[in-house]
Amino acid sequence: MRAAPTRVPRPGRIVLVAVLVLAAVYFLLPVYWLAVAATKSNSSLYGSFGLWFDDPRLWQNLKDVFTYNGHIFPRWALNSLLYAGVGAVAATLLSAAAGFALAKYRFRGREAVFKCVLAGVLLPSTALALPLYLMFGKIGLTNSYWGVLIPSVVSPFGVYLCRIYAESAVPDTLLEAARVDGAGEERIFFTVVLRIMSPALVTVFLFQFVHIWNNYFLPLVMLSDDRKYPITLGLVTWQQAADRFPELTQYTVGGAFVSVIPLAVAMLVLQRYWRTGLTEGSVKE
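Remember, it's a predicted structure, so these values are computed and weren't measured experimentally.

So, how was this worked out
- Residues numbered from 1 in each chain as written.
- Predicted model: local features only at pLDDT ≥ 70, side-chain atom pairs only at ≥ 80, totals over all residues.
- Heavy atoms only, no water.
- Helix = DSSP H or I, 4+ residues; strand = E, 2+ residues; numbered from the N terminus.
- Rg over C-alpha atoms; globule rule 2.2 N^0.38 Å.
- Buried < 20%, exposed > 50% of the residue type's maximum accessible area, 1.4 Å probe, protein only.
- Contact = heavy atoms within 4.5 Å.
- Areas by Shrake-Rupley, 256 points an atom, 1.4 Å probe, with all protein chains shown as cover.
- UniProt positions renumbered as here; feature names shortened; annotations may be inferred.
- Expected span 1.5 Å × (residues − 1).
- Core = buried A, V, L, I, M, F, W, Y, C linked by side-chain atoms within 4.5 Å.
- Salt bridge = Lys/Arg side-chain N within 4 Å of Asp/Glu carboxyl O.
- Bend = angle between axes of the 7 residues up to and from the residue.

### Quick look at the overall build of the protein chain
Alright, step 1. A tally of regular secondary structure across the protein chain gives 13 helices and zero strands.
Alright, step 2. When the helices and strands of the protein chain are read in sequence order from the N terminus, they spell out α-α-α-α-α-α-α-α-α-α-α-α-α.
Alright, step 3. Here the protein chain has a C-alpha radius of gyration of 24 Å; the compact-globule value for 285 residues is 19 Å, and the former is much larger.
Alright, step 4. With the principal axes as the frame, the protein chain shows a C-alpha extent of 85 × 70 × 30 Å.
Alright, step 5. Counting the 285 residues in the protein chain, one finds 37% classified as buried.
Alright, step 6. A sequence separation of at least 24 residues applies to 74% of the contacts in the protein chain between residues at least 6 apart.
Alright, step 7. Carbon and sulfur atoms form 67% of the exposed surface of the protein chain, whose accessible area is close to 17,100 Å².

### A short note on the UniProt feature "domain: ABC transmembrane type-1" (unreviewed entry) in the protein chain
Alright, step 1. UniProt marks residues 77-269 with the feature "domain: ABC transmembrane type-1" (unreviewed entry), using the numbering shown here.
Alright, step 2. From the first C-alpha to the last, residues 77-269 spans 20 Å; its make-up is 80% helix and 0% strand.

### What to know about helix H10 (residues 198-214)
Alright, step 1. With 17 residues, H10 ought to run about 24 Å at 1.5 Å a step, and its terminal C-alpha atoms sit 24 Å apart, in line with that.
Alright, step 2. For H10, the set of buried residues is Pro199, Ala200, Leu201, Val202, Thr203, Val204, Leu206, Gln208, Phe209, Ile212 and Trp213.

### So, the nonpolar core
Looking at soluble globular proteins, one finds that nonpolar side chains tend to be buried together.
Alright, step 1. Grouped together as the largest cluster of nonpolar side chains are 30 residues, with contacts concentrated most on Phe73, Trp76, Ile231 and Trp238.
Alright, step 2. Of all the elements, helix H3 (residues 58-104) adds the most residues to this core, at nine residues.
Alright, step 3. With near-sequence residues (within four places) excluded, Trp76 lies in contact with Asp226, Tyr229, Pro230, Ile231, Gly234, Leu235, Thr237 and Trp238.
Alright, step 4. Ranked by size, the runner-up nonpolar core spans 19 residues in total, among them Leu161, Phe189, Ala200 and Leu201.

### Some thoughts on the pattern of salt bridges
Alright, step 1. For the structure shown, the criterion picks out seven salt bridges.
Alright, step 2. Here Glu111 ties to Arg163 by a salt bridge, and the two come within 3.1 Å at their closest N and O atoms. Taken together, the residues Glu111 in helix H4 (residues 110-122) and Arg163 in helix H7 (residues 156-169) connect sequence positions 52 residues apart.
Alright, step 3. Across the pair Arg163 and Glu167 runs a salt bridge, and its minimum N-O distance is 3.0 Å. A residue pair is termed a helical-turn pair when its members lie 3 or 4 positions apart in one helix, as Arg163 and Glu167 do in helix H7 at four residues.
Alright, step 4. With a relative accessible area of 5%, Arg163 lands in the buried category.

### Section: helix H1 (residues 11-37)
Alright, step 1. Between its first and last C-alpha, H1 extends 38 Å over 27 residues, near the 39 Å set by a 1.5 Å rise per residue.
Alright, step 2. Largest kink in H1: about 35°, centred on Leu28, with the proline Pro30 one to four residues after it.

### Notes on unusual backbone geometry
Alright, step 1. Unusually for a residue other than glycine, His71 sits at a positive phi of about 60°.
Alright, step 2. Looking at where His71 falls in the secondary structure, it is placed in helix H3.
Alright, step 3. The phi dihedral of Asn143 is positive, around 55°, even though this residue is not glycine.
Alright, step 4. Within the fold, Asn143 resides in the loop between helix H5 (125-138) and helix H6 (145-152).

Here is the structure:
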């Protein structure tokens, strides 16, 4: 019996694998360094090799982070969960409703509205922070949770993705059949459309959750009470005060390590829906 011939990898495949490995190392190396640094003492951060452990004390470091300054870090974590969780859910529902309406309803000015949405995708959020602050200052919403939450529920990219996905995934015949059976527009949207669009909605939720969680400039402009800070802004205040209080350097590293855990969990849990939403929503039948 003849042995099966061995496959010789093609040069192009070897180059592709090498590039992917280098890209993975490039993106994962900072995360690895952060995980290692979170286990070190403040002196070991500078007195030991950065990519290996030195007398690990992770639990003690995390305890110090969570108990420092009257347990301010857990408050920042809860604020980030509030801003990112509520903002992402509201943005997802609003994007689904707007995208579905732009895809399936015919009305005057529909394309003009959609072009304005596309223009919103191109605008950086930092350019809107100061105008929002001036506008919210006149109605008394600065230094409040609403000042961060309300801008977070608007996602032009989410509206764009939901429209593209609704056009390809929600059949008009299904909508007409539901109307013939006596279902109202609200019932059709919440019981039929949302289920069909669930892959795209998970994608919008994930993108918006990560965007709000990492948002720094908007809370910086809107908030003056440190009890309302998200993790991103709180850790920067610790870093800036590290010159006067050196232990805050390690607390900042430990807090940064804790802050990436929710994002990693969300990405691992929702990545299969994310891939489905991007691929199916980008193809129109």
